[in-house]
Each structure stands twice: as C-alpha cells, then as structure tokens.
Amino acid sequence: MPTPEQARVREAGIPGSVSAFTAFGVPVRFHFTFVLLLIFLVVVGLGGRGSVLLDVLFVIALFASVLLHELGHALVARRYGVRTLEIVMFPIGGVARLARNPRPREELWIACAGPCVNFVITTVILAYLLFFRGISPLEARLTLAAAGSDLFERIAAGNLVLALFNLLPAFPMDGGRILRSVLAIYTSEQQATQIASRAGRFLAVAMGLYGLLTMQYMLLFIAFFVYLGAAQEGEAALGRSLTHGMPVRSAMVRQFHTLSHGNTVREAAQLMLETTQHDFPVLHGDSVVGLLDRNSLLRAMAMEGGEAYVAGTMNRDFVRLSPDMDLAEALPVMANAGPCALVMDGDRLLGLLTRENLSEFLLLRRFGLR
Ligand SMILES: [Zn+2]
C-alpha cells in the first residue's frame, strides 16, 4: 500500500530540454536554446580565424565551468541524501533540480559548493601559471583584474567572476540561498525567504537601471532573469507558508467523473467535452487502475482512433497522495508530477488534486476564505 513517502515523483523534466549524458549518476540535459547557442558558436568558431576560435573555446570552457559548478551542488546535496533530478543547462547558466527542499543547514553547504568549484578552478589555473609559466604573483593578480588574450588567464578570470556573481546575497543566486539559510537560524524560514527574494528583486532593478544607463544590454538581459527567479522563489515560499499545516484533503476536488477500463477513447472524449474535467481516474470495479489525462487522450485519438480502449492508453504509474499528507509537502510532488494526482486512502479513491484547484485554493487562503 503506497504511503505519502512513496508517492512517486514522475521525472518529466523541464519542457524543451534534451537529455545529453549522465555525470556522477546525475542526468544532464540541454535546453534547446542552449543547443542553438552551441551550434552557433561552433559555426562561428569554424568559420573564423585564430582569435575567434579562442573566443569560442573560452565560451565553451565557461559552460563547462558552469556544469562543474552545478555538479558541485548536486554532489553535496547527495551527501545529505537529497537526490538531484537533473541538471539543465540554459544559455545564461545551469540549474540543478533537487528532489526535495533541503533544510536550512543543508542548504547552506549545498549553496556554497557551486561557487567553491569556481574558486578551485581559478586557483588551479593560477597555480599552473605561477609554477609552469613562471609568472610572478603580482602578474597573476593583474591577470585576474584584466585578463589578456591568453585562454587560460581568461578562463581563470571568468571562473572568479562566476563565483563572485553567484555569491551576491540575493535570490536566485547561491548567495541568496546562503543568506536565507543563515537568516533562518534567527527568524522563520518564510521570513528569511521573503528577505532574500526582496533583495533579489532590488538587485535586479538596480542592475537593469545600470545596464540601461550605461547601454550594456547584456546586463539588462541578465537583470530580467534575476528578477524572474527572485519573484518565483518568493511565490514558491508564499505557497509553502499558505499550505503548511493543511491536509491534502482540504484542497482536493471532491466531485468528479471516472471512466471504466472498458470505456473507449471516443466515450472518454465525449465525457471530456461534457465536463470541465481534464483528467479521469480509470476504474476496474471499485479499484483504480490508471489515470487518463487530456494529452494521452488526444494522442490516442490521433494514433489509434476512437474505438481503442482507455485501458491501453491510460497512465498506470499515476501519483497517489494520502488525504492527510501536508499540502506543503505535496506542492513539490505536484510540480514534478504533472497536472493531476489522485488522493487515495489505501485503495479507496477520495478525490483529485489538480494544479488548477491548487491555485484556486491558494487564492482563497490568501484572502482568508479557507
Ligand atoms: Zn550555483
């Protein structure tokens, strides 16, 4: 009998990303915009002369550094028993998606690990320059301040910038996570998150204004993503505080239609048309055997036609939640699971938890109506 802990998290991944490889047991995926950027760089690099090729090598080395940075987060998270679902590479950086929210003390070290990796890369390259190229310590410092055309010097300086930028004490940077975990010792976790999120939005606006005034549009671009990330973290924290202590049953849909495993795809489509429901539990007698969502239904209609049985196209590996599970714990499960989970007491189906209903519930909670 599945318990809330066993409520399976389906690893759908971030849409628009392609699997590439696995590093230390962590799947690494590239967002399609990142793939486009790589293709662009390779084309530019092959067509250009020496200096262009060096530019391209530099950018690729920086992305490799970002990947190592994310792997740093993932490996320290693993030490605390937090699994990394995937690392996704975007053109402006990487994201390590963790299976659960780490506790403040864990988060402190997980967040520190990324910038540490970049500091180590910088140190290793500087050591190489000092001992094998025989440059003086003063020259090494100048190297970092104004990296010349040398590829190694630029990679060292780039990693230093990556480490320092990520240590800015604002969401969504690692420094924001470090700030939150330290603040959480003195105040509540929600309060700490709000402060780090506000710092992030402030930083983004300041960065955007500076970029605008000095016509550095790349900075404006980065500021936009920083703002988005900070707002998202704040939203997620608000969601957690609004749902904490509430059971799953308080937000579930209680009136819904079900299908029988003997129903055809045509009958399911008819039911979808007549109701506002998008996801249908499929029953065999009294027991639930699957969940049919809108996309699978549409796919079955296109591929197999209306006379196929829903049993052949439904999802048998659906997410079950216990009615007494804390809603705050169900949020990350829902974020990873897709639009609908079934609320079950043992084998008995009690209700559905859908994303739509969840956001309505959050709205009511915000206005104090629940
Ligand atoms: Zn990081």
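First things first, this report covers the structure right here in the doc. (Residues numbered from 1 in each chain as written. Predicted model: local features only at pLDDT ≥ 70, side-chain atom pairs only at ≥ 80, totals over all residues. Heavy atoms only, no water.)

## Notes on the coordination of the zinc ion
Here is step 1 of the chain: Within the first shell, the zinc ion binds the protein through H69 (NE2), H73 (NE2), D174 (OD) and D174 (OD), at distances of 2.0 to 2.6 Å.
Here is step 2 of the chain: Seen from the zinc ion, its 4 donor atoms lie at angles of 55 to 148 degrees, and the figure they make is irregular. (Donors = N, O, S within 2.8 Å, 3.2 Å for Na, K, Ca; no water. Tetrahedral: all angles 85-135°; square planar, octahedral: opposite > 155°, others 65-115°.)

## Observations concerning unusual backbone geometry
Here is step 1 of the chain: The phi dihedral of F24 falls on the positive side, at around 50 degrees, and the residue is not glycine.
Here is step 2 of the chain: Along the chain, F24 turns up in the loop between strand 1 (17-23) and strand 2 (26-31).
Here is step 3 of the chain: Judged by its relative accessible area of 55%, F24 falls in the exposed class.
Here is step 4 of the chain: At M215, a residue that is not glycine, the phi angle is positive and equals roughly 55 degrees. (Helix = DSSP H or I, 4+ residues; strand = E, 2+ residues; numbered from the N terminus. Buried < 20%, exposed > 50% of the residue type's maximum accessible area, 1.4 Å probe, protein only.)

## Notes on the nonpolar core
Here is step 1 of the chain: By size, the foremost hydrophobic cluster in this structure holds 19 residues, and its most contacted members are V248, L321, L327, A330, L353 and L358.
Here is step 2 of the chain: Elements with a minimum of two residues in this core: helix 11 (327-337), strand 9 (340-345), strand 10 (348-354) and helix 12 (355-366).
Here is step 3 of the chain: For this core, the leading source of residues is helix 11, giving 6 residues. (Core = buried A, V, L, I, M, F, W, Y, C linked by side-chain atoms within 4.5 Å.)

## Quick look at the sheet that holds strand 9
Here is step 1 of the chain: Spatial ordering of the open sheet is given by 8-9-10, a layout of 3 strands whose pairing is mixed. Each of the sheet's edge strands pairs with one partner strand only, and the pair in question is strand 8 (320-321) and strand 10.
Here is step 2 of the chain: Direction of pairing for strand 9 relative to strand 10: antiparallel, over a ladder of 6 bridges. Its bridge partner being in strand 10, V343 is matched across the sheet by G351. (Pairing = 2+ DSSP bridges.)

## Regarding the packing of helix 7 (residues 189-213) against helix 8 (residues 217-243)
Here is step 1 of the chain: Where helix 7 meets helix 8, the axes come as close as 8 Å, and the angle between the chain directions of the two elements is 165 degrees. Considered as vectors, helix 7 and helix 8 are oriented roughly antiparallel to each other. Note on packing geometry: the crossing formed by helix 7 with helix 8 is left-handed.
Here is step 2 of the chain: Of the residues belonging to the contact of helix 7 with helix 8, the class tally is 15 nonpolar, 9 polar and 3 charged. (Axes fitted to C-alpha atoms, helices over the stretch in contact; angles between N-to-C directions. Parallel < 35°, antiparallel > 145°, perpendicular 65-115°, else oblique. Left-handed = near helix turned anticlockwise from the far one by under 90°. Nonpolar A, V, L, I, M, F, W, Y, C, P; charged D, E, K, R; others polar.)

## Quick word on the sheet that holds strand 7 (residues 287-292)
Here is step 1 of the chain: Across the sheet, which stays open at both edges, the 3 strands sit in the order 5-6-7 with mixed pairing between neighbours. Every other strand in the sheet has two partners, leaving strand 5 (259-260) and strand 7 as the edge strands with one partner each.
Here is step 2 of the chain: Where strand 5 lies against strand 6 (residues 280-284), 2 bridges are found, and the strand directions are parallel. Residue pairing in the sheet places S260 in a bridge with L283 of strand 6.

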